[in-house]
Structures are given as structure tokens and as C-alpha cells.
Amino acid sequence: EISACLVGSEMCIRDRNEYLTMAILPLQGLSRRFWFAHIQSFNREFGIAGKLHAATLKAICHGDESKAAEASLAVNDYLTEFAYHTIRRFPGTAR
């Protein structure tokens, strides 16, 4: 069973598998640092990210598991596409 929880302003994953949790949580910080380092338009990116995170948190607050999962995947899709777009902007620099 996996459930979401709020810690301060952070959303985290609670899982009965402590190894999975230990593996996933550091990725959140790395993803955030990558995102901040490569933002070209703060207003645009903060607007998109804010709406996506708000949808996730609203679904969690309303106890709607399927909408929360869908919204969480939308955040992940956004960050994945952002990363791929960033890497494509700098060809030949990935190692």
C-alpha cells in the first residue's frame, strides 16, 4: 500500500517498503535542483508547476485516490518532458 502525505510543503510517499522509500525520496530533491537550474521563464514554469501540484494536493485533500494518482502522473510527465527538452537544448553535453 502506498499513500501520500504532506510534510510541510512537501508531498512524500509513504510505503511499507522502506527500501523503495529510501530510493525515491532523494530523487525529489535532485529533480527540483535540476528544474531550478534550467528554468528559462520563471513565470511560465512556476505557473505550470503550481497548477499541477495544486491539482495533486486538492485530490489528496478530497480523498480522491484516482484523481490524485492521475494528477501526480501529470506532474511527473511535466518534469520528464522538461528534462528531455532541457537535454535536447544542449546536445553533446550529456555524459
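Coordinates for the structure precede this section.
Below is a short write-up of the structure. Quick caveat, the model's predicted, so the values are computed rather than measured. (Residues numbered from 1 in each chain as written. Predicted model: local features only at pLDDT ≥ 70, side-chain atom pairs only at ≥ 80, totals over all residues. Heavy atoms only, no water.)

**As for the overall build of the protein**
Step number 1: Along its length, the protein carries three helices and two strands.
Step number 2: Counting all 95 residues of the protein, 17% fall into the buried class.
Step number 3: Here the contacts in the protein between residues at least 6 apart in sequence split such that 38% fall between residues at least 24 apart.
Step number 4: Just so you have it, the protein exposes about 7,400 Å², and 60% of that area is on carbon and sulfur atoms. (Helix = DSSP H or I, 4+ residues; strand = E, 2+ residues; numbered from the N terminus. Buried < 20%, exposed > 50% of the residue type's maximum accessible area, 1.4 Å probe, protein only. Contact = heavy atoms within 4.5 Å. Areas by Shrake-Rupley, 256 points an atom, 1.4 Å probe, with all protein chains shown as cover.)

**Here we look at the side chain of E45**
Step number 1: Locating E45 in the fold gives a position in helix α2 (residues 42-61).
Step number 2: Looking at E45, the relative accessible area reads 8%, which means it is buried.
Step number 3: Engagement of the side chain of E45 in a polar contact is seen with the side chain of R44, the distance being 2.6 Å.
Step number 4: Beyond its immediate stretch of four places on either side in the chain, E45 contacts W35, I39, Y78 and F82. (Polar contact = N/O pair within 3.5 Å; in protein donor to acceptor, adjacent residues only side chain to side chain.)

**Some remarks on the packing of α2 against helix α3 (residues 65-89)**
Step number 1: The N-to-C vectors of α2 and α3 enclose an angle of 160°; their axes lie 7 Å apart at closest approach. In this view, α2 runs roughly antiparallel relative to α3, as classed from their interaxial angle. Handedness of the α2/α3 crossing: left-handed. Contact with α2, carried on its side by E45, I48, A49, L52, H53, A55, T56, A59 and I60, involves K67, A68, A71, S72, A74, V75, Y78 and F82 of α3 and no other residues of that element.
Step number 2: Grouping the constituent residues of the contact of α2 with α3 by class yields twelve nonpolar, three polar and two charged. (Axes fitted to C-alpha atoms, helices over the stretch in contact; angles between N-to-C directions. Parallel < 35°, antiparallel > 145°, perpendicular 65-115°, else oblique. Left-handed = near helix turned anticlockwise from the far one by under 90°. Nonpolar A, V, L, I, M, F, W, Y, C, P; charged D, E, K, R; others polar.)

**A closer look at α3**
Step number 1: An ideal rise of 1.5 Å per residue puts 36 Å on 25 residues; α3 measures up with 36 Å between its terminal C-alpha atoms.
Step number 2: Every buried residue of α3 is accounted for by A68, A71, V75, Y78, F82 and T86. (Expected span 1.5 Å × (residues − 1).)

**Brief notes about the pattern of salt bridges**
Step number 1: This structure, assessed with the given rule, holds two salt bridges.
Step number 2: Between R44 and E45 there is a salt bridge whose closest N-O contact spans 2.6 Å.
Step number 3: Put simply, R88 and E81 hold a salt bridge, and the shortest N to O gap is 3.7 Å. (Salt bridge = Lys/Arg side-chain N within 4 Å of Asp/Glu carboxyl O.)

**Regarding the side chain of T86**
Step number 1: Position of T86 among the secondary structure elements: in helix α3.
Step number 2: Beyond its immediate stretch of four places on either side in the chain, T86 contacts F34 and H38.

Purely geometric stuff here, so don't read any function into it on its own.
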